[in-house]
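# Observations on chain architecture
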Amino acid sequence: MLGIIIAVVVTLVIAVPVSIFVTNSYHKKVTEQKVGGAEQQARAIIDEAVKTAETKKREILIEAKEESMRSKNELEKEIKERRAEVSKSESRVQQKEENLDKKLESADRKEQSLVSREENLEKERQKVAKLNEQRVQELERISGLTSQQAKDFLLNTVKDDVKADTAKYLKESMAQAKDEADKQAKEILVTAIQRCAADHVAESTISVVQLPNDEMKGRIIGREGRNIRTLETLTGVELIIDDTPEAVVLSAFDPVRREVARIALEKLIVDGRIHPARIEEMVEKAKKEVDNTIREEGEQAALDTGVHGLNPEEIKLLGRLKYRTSFGQNVLKHSIEVSQLAGLLAAEVGVDTRLAKRAGLLHDIGKAVDHEQDQSESQSHVALGVEICRKYKESPVIINAVAAHHGDCEPESLIALLIQAADTISAARPGARRETLENYTNRIQQLEDVADSFEGVERSFAIQAGREVRVMVVPEKISDADMVLLARDITKKIENELQYPGQIKVNVIRESRVVDYAK
């Protein structure tokens, strides 16, 4: 048994190293075979890559050669085309040069011909001048005067005769016109008023509220603009806060809303507490105050004109005219003035003075509501006034007077004609209606320019707000007879070139002064 074990052990001892050796030899052989195969495969891949690269290289070279050939062909073709164009251009230029040479030759021939003609004409002129000189010398010998002396004598004689006759005729015509003017005074007045009554739009649509300091602007605007938005929403008026120092501008077409906003803002500034709740309170107070003022002004207007029995709503509408202006003229004051003028005119012609005053007071009542209407249904203040008078049961005579005071329809009564005249007289009264500064200064400058454009005028001055122009003339150049003609010429030029209300007086002054000193 022990021998068997020893034999097994010995066998194992011998077998293990042998097995290890055999195994290592096998693995080494297998490894060598794999490495050899990999090297052969790598060499094959490299050879294939080299062949592929050579092929690609040849293809690229071939493509490059082909592209080079195409480019060369295209370039040669383009060069040929450009050479052909250059050749054509050279031909055209050569042709133009030949044509130009021909034209220059023709021009030279014409110039030579013209020079020859001018020489012939000059010779003829010299002959004519010589003959004319001989004729003048013969005339001077016969008359005993030089040609210049004869010309001056003739012109002065004719000029003096014409001036004297013209001035005499002009004075006689003016005297005759003045004699006939009294007979046609009413007719001329009505025609002039209707011609000069122009429809302008110069409404006042803003009010300015003075501030104690510029810090108040920030308080009026409020946090994130809440105060100014509240005030604009409640009053319907736009507040313009700009760089104007210590002032806020209120802009709105509705004069009553603008007045409410003005009063409310002034109260807020005095109170000092400016926030949305306080703004609402002040706006309500301002509305009540304006309503009371409107009612009181309407009642006072009716009392001043002696018009009784008006509907309370008509009185309110009259009161609203206090805040309405037209051409810078307060409409309520204008209506009162028209009422009083109509009453005076009615008394002169013998018609009902009370009816005339009532029509005069109500003739512009449509202006109290003309800014409230929708733009799509816009009506004139005349149409609105007619509707108001019909609504409150005014008489047909008053309705017709309101409808016809601007000529929108034919007047049906003498009172309607009186209202037209009174309305125009009130509007045309000097100072009644405000003119813009630019128009005023332009008109003054134009008047002086017209007067200065005449010869003999030394200087001119437009005075009395452009209703008179005084023209100072040079005594040595303008005689007394010339003054009459000059005044007439200036008047005609003003009438033809300028637009103006009423009439303009042209006053021509000729003054001679002699100064000496006693020693």
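Scroll up a little and you will see the structure.
This one's a predicted model, so the numbers in the text were calculated from it and none came from an experiment.

Criteria and cut-off values
Residues numbered from 1 in each chain as written. Predicted model: local features only at pLDDT ≥ 70, side-chain atom pairs only at ≥ 80, totals over all residues. Heavy atoms only, no water. Helix = DSSP H or I, 4+ residues; strand = E, 2+ residues; numbered from the N terminus. Buried < 20%, exposed > 50% of the residue type's maximum accessible area, 1.4 Å probe, protein only. Contact = heavy atoms within 4.5 Å. Areas by Shrake-Rupley, 256 points an atom, 1.4 Å probe, with all protein chains shown as cover. Patch = residues over 30% accessible without salt bridge, like charges linked within 9 Å, V, L, I, M, F, W, Y side chains within 5 Å. Salt bridge = Lys/Arg side-chain N within 4 Å of Asp/Glu carboxyl O. Lys, Arg positive; Asp, Glu negative; His and termini not counted. Charge placed at Lys NZ, Arg CZ, Asp CG, Glu CD. Polar contact = N/O pair within 3.5 Å; in protein donor to acceptor, adjacent residues only side chain to side chain. Phe/Tyr/Trp six-rings, centres within 6.5 Å; stacked < 30°, edge-to-face > 60°. Lys NZ or Arg CZ within 6 Å of the ring centre and 35° of its normal. Expected span 1.5 Å × (residues − 1). Pairing = 2+ DSSP bridges.

For the rest of this paragraph, the subject is the overall build of the protein. Within the protein one finds 15 helices and eight strands. Counting only residues that meet the buried cut, the protein has 28% of its 519 residues in that class. Taking the contacts inside the protein whose residues are at least 6 apart along the sequence as the reference set, 60% of them involve residues at least 24 apart. Just so you have it, the protein exposes about 36200 Å², and 53% of that area is on carbon and sulfur atoms.

Our next topic: unusual backbone geometry. Phi at Glu224 is positive, roughly 55°, even though this residue is not glycine. Relative to the elements of secondary structure, Glu224 occurs in the loop between α4 (215-221) and α5 (226-235). A relative accessible area of 71% places Glu224 in the exposed class. For Lys393, which is not glycine, the phi dihedral falls at a positive 60°. Residue placement: Lys393 occurs in the loop between α11 (381-391) and α12 (396-404). On the basis of relative accessible area, Lys393 is assigned to the exposed category, the value being 71%.

A cluster of acidic side chains, namely Glu97, Glu98, Asp101, Glu105, Asp108 and Glu111, defines a negative patch on the protein surface. Its place among the elements puts Glu111 in helix α1 (residues 2-143).

Glu314, Ile315, Leu317, Leu318, Gly319 and Arg320 are the residues of helix α8 (residues 312-320) that are buried. Tucked inside the fold, the buried residues of α8 contact α6 (255-271), α7 (276-305), α9 (331-349), α10 (353-362) and α11. Two to three positions downstream of the cap, the backbone nitrogen of Glu313 sits 2.9 Å from a side-chain oxygen, assigning the N-cap of α8 to Asn311.

Once that is clear, we can look at the packing of aromatic side chains. What the rule picks out here adds up to zero aromatic pairs. The side chain of Lys493 reaches across the aromatic face of Phe454, ending 5.4 Å from its centre.

To continue, consider α7. In this model, α7 (30 residues) spans 43 Å end to end at C-alpha, consistent with the 44 Å of a helix rising 1.5 Å per residue. Among the residues making up α7, those that are buried are Arg278, Ile279, Met282, Val283, Ala286, Val290, Ile294, Gly298, Ala301, Ala302 and Thr305. Here the buried face of α7 lies against α5, α6, α8, α9 and α10. Looking one or two residues beyond α7, the residue adopting positive phi is Gly306, at roughly 75°.

Topologically, Thr230 is positioned in helix α5. Here Thr230 falls in the buried class, since its relative accessible area comes to 17%. Excluding residues within four positions of it along the chain, Thr230 makes contact with Pro276 and Ile279.

Another aspect to go through is the pairing of strand β7 (residues 468-473). Side-chain direction in a regular strand flips from residue to residue, so the side chains alternate between the two faces of the sheet. Most of β7 is tucked away: five of the six residues are buried. Pairing between strand β6 (residues 457-463) and β7: six bridges, direction antiparallel. Directly across from Ser460, in β7, lies its bridge partner Val471. Inspection of the sheet shows β7 paired to strand β8 (residues 505-510) by six bridges, in the parallel sense. Residue Val471 lies in a different strand from β8, and its bridge partner there is Val508.

By the secondary structure assignment, Gly466 is in the loop between β6 and β7. For the pair Gly466 and Ile504, spaced 38 residues apart in the sequence, the C-alpha separation amounts to 7.2 Å. When near neighbours in sequence (up to four residues on either side) are disregarded, Gly466 contacts Arg443, Ile444, Leu447 and Ile504.

A full pass over the atoms with the stated rule returns 18 salt bridges. Here Glu259 makes a salt bridge to Arg262, at a shortest N to O gap of 2.5 Å. Placement of both Glu259 and Arg262 in helix α6 is noted, with a separation of three residues, approximately one turn of the helix. Salt-bridge contacts for Lys367 lead to Asp364; the nearest nitrogen and oxygen are separated by 3.7 Å.

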